[in-house]
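Observations on the model geometry
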Amino acid sequence: MKNQLFRKLPLNQQHKAQFNKSMNAFDLIALGVGAVVGTGIFILPGTVAAMHTGPAIVFSFILAAIVCAFSALCYSELASAIPLAGSAYTYSYVLFGELIAWIVGWSLLLEYGLAVAAVATGWSAYFQSLIEGFGLHIPKALSGSFSPANGTFVNLPAILIIVLLAGVLTIGVKESARLNRIIVFIKIGIILLFIIAGVFYVKPENWQPFAPFGFQGILSGAALVIFAYLGFDAVSTAAEEVKNPKRNMPIGIIGTLVICTILYVTVSLVLTGMVPYTELNVGNPVAYAMELANLDWVFGVISVGAVISMMTVIFVMLYGGTRLVYSFARDGMLPKVLSEIHPRRKIPLKNTWIYALFISLFAGFIPIDKLAELVNMGTLIAFAAVSIGVIFVRKMNLQELNEGFKVPLFPIVPILSFILCVFIITQLSSFTFLTCFIWMIIGLIVYFTYGRKHSLLNQKSE
């Protein structure tokens, strides 16, 4: 039994799908920025500054970026050494064995699935607010999750945006990556518009006192804003569709983190300079700042930008989830139909539609807000596994695992990354731990009733 549970996936026996290798480093950075920079950049800087940090939120973002950088460096080495679809799941399968890989992959499935559902629900609210400005209204029964007491039965816009973006994914990786790149450019353009327009309304006196809550406030702020960076791991799910992955995967992962940090810090600096931090505890602090500056046209553009930003997050997380499900199925631990590749489009077509329709049910009928922290739990478990994985890669000392990008200051960086991930996990709520425990029990039932018996490694051993 022990040999079965911890059997490892040999790299030289990993059959690869016939994906088109059409993505370059720039596509990967666009994919990463699309996943990381969402509505958080329009909301988080204001609320955290007001309650925890003051203008010193810029240091919180920098500190959080340093923490994420450790994990990003570890991801870069494994993505370079093991350029296969599946992200942390596949790395764990090669390095730790089947059961650990299943647990890590099941955690990631939680991250991607709930992220898509939660962001789609948020997108629905912003979209409805936007069209109401044009006098258009969605019937109340179709405007929210199932709550007969409030008169809502299904969140139709949330379902439709997931189905729409799933349709974009099915046209092919090259084409959908091009569309994602265009949307990311628009999103960054809108953020730059806020920065350029707002910098003329900055009042240096608003930065005084700069750190009203002290260093402890900066630390607590970092613990909150670190979740603004989660999502760059979705870049690693594209490994088999990337040209020269040993070079381009590290560029995509690290480049994403650098660009997102610059955007977060700059927006935070301008925002707290425009408006006293004590007034920023509102649901739309960036738009509020524009309203105070009487820049109504910028306010309108930012509203559109929030809708567009969420679309790219949904798109990339949906992409990551389908590739993870594909990896499970390719290894035999989920039904084979989920790993079938369309002969012309070179994508897992059936997988994409099945996964998208399943997730859309969560977005359409279930209030996601209470489960939002589970996204972070799944991500941090994967981060911790990847951090330790780098140490195992070095110990294996195989030629195919020792080419490409290397984590600097080894083993200090991987160990620090692991410790920081575990520390942040301990800061999550008891509700999150309970719900995650239930999710893991479901996952283990699926593994022991189906995955272990149908695993390709099990069939080979038999």
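Throughout what follows, the structure given in this document is the object of discussion.

The rules behind these values
Residues numbered from 1 in each chain as written. Predicted model: local features only at pLDDT ≥ 70, side-chain atom pairs only at ≥ 80, totals over all residues. Heavy atoms only, no water. Helix = DSSP H or I, 4+ residues; strand = E, 2+ residues; numbered from the N terminus. Buried < 20%, exposed > 50% of the residue type's maximum accessible area, 1.4 Å probe, protein only. Contact = heavy atoms within 4.5 Å. Polar contact = N/O pair within 3.5 Å; in protein donor to acceptor, adjacent residues only side chain to side chain. Disulfide = S-S within 2.5 Å. Salt bridge = Lys/Arg side-chain N within 4 Å of Asp/Glu carboxyl O. Patch = residues over 30% accessible without salt bridge, like charges linked within 9 Å, V, L, I, M, F, W, Y side chains within 5 Å. Areas by Shrake-Rupley, 256 points an atom, 1.4 Å probe, with all protein chains shown as cover. Core = buried A, V, L, I, M, F, W, Y, C linked by side-chain atoms within 4.5 Å. Phe/Tyr/Trp six-rings, centres within 6.5 Å; stacked < 30°, edge-to-face > 60°. Lys NZ or Arg CZ within 6 Å of the ring centre and 35° of its normal.

Observations regarding the environment of S417
Its location among the elements puts S417 in helix 15 (residues 412–426). On the basis of relative accessibility, which here comes to 1%, the residue S417 falls in the buried class. A sequence separation of 304 residues divides S417 from G113, and the C-alpha atoms of the two residues are 25 Å apart. Residue contacts for S417: discarding those within four places in its chain leaves F70, S71, C74 and S387. At 2.6 Å, the side chain of S417 and the side chain of S387 are in polar contact.

Some remarks on the state of the cysteines
Two cysteines joined by a covalent bond between their sulfur atoms form a disulfide. The final tally for this structure, using the stated rule, is 0 disulfides. In this model C260 remains outside any disulfide bridge; the closest cysteine sulfur is found in C68, 10 Å from its own. Looking at C436, it has no disulfide partner, and the nearest cysteine sulfur is the one in C421, 14 Å off.

Side note on unusual backbone geometry
Between Q208 and P209 the backbone carries a cis peptide bond, its omega angle lying at -10°. Relative to the assigned elements, P209 resides in the loop between helix 8 (173–199) and helix 9 (214–225). Notably, K346 is not glycine yet its phi reads approximately 60°, a positive angle. Tracing the chain through its elements places K346 in the loop between helix 12 (296–330) and helix 13 (349–365). The phi dihedral of L409 is positive, around 55°, even though this residue is not glycine. The topology assignment puts L409 in the loop between helix 14 (372–396) and helix 15. Among the residues examined, L409 registers a relative accessible area of 62% and is labelled exposed.

Some remarks on the pattern of salt bridges
A complete count under the given rule lists 5 salt bridges for this structure. Close ionic contact of R181 with D27 constitutes a salt bridge, the shortest N to O distance being 2.2 Å. Highlighted residues: R181 in helix 8 and D27 in helix 2 (residues 25–36), separated in sequence by 154 residues. With a relative accessible area of 7%, D27 lands in the buried category. The shortest N-O distance in the salt bridge between E241 and R323 comes to 3.1 Å. Here the residue E241 occupies a position in the loop between helix 9 and helix 10 (245–274), and R323 occupies one in helix 12, the gap between them amounting to 82 residues. The two residues E241 and R323 agree in class, both being buried.

As for a nonpolar patch on the surface
A surface patch of nonpolar side chains, about 570 Å² in accessible area, is lined by L434, F437, I438, I441, I442 and I445. The topology assignment puts L434 in helix 16 (residues 430–454).

Thoughts on the nonpolar core
Counting 148 residues, the largest nonpolar core has I162 and F194 as the members making the most contacts within it. It is helix 12 that contributes the most residues to this core, 18 residues altogether.

Some points on the packing of aromatic side chains
This structure, assessed with the given rule, holds 19 aromatic pairs. A ring pair is formed by Y89 and Y93, whose centres lie 5.8 Å apart and whose planes are at 50°; its orientation type is tilted. In this pair, Y89 and Y93 both sit in helix 5 (residues 88–95), 4 residues apart, roughly one turn of the helix. We note that Y89, like Y93, is buried. Both rings, one in Y89 and one in F328, keep their centres 4.5 Å apart while their planes meet at 50°; by these two values the pair is tilted. Residue Y89 is found in helix 5, and its partner F328 is found in helix 12; the two are separated by 239 residues along the sequence. For F328, a relative accessible area of 0% gives the class buried. Three or more aromatic residues joined by ring pairs make a cluster, and in this case those are Y89, Y93, W102, W106, F328, W439, Y447 and F448. Lying over the aromatic face of F410, R394 brings its terminal NZ or CZ to 4.2 Å of the ring centre.

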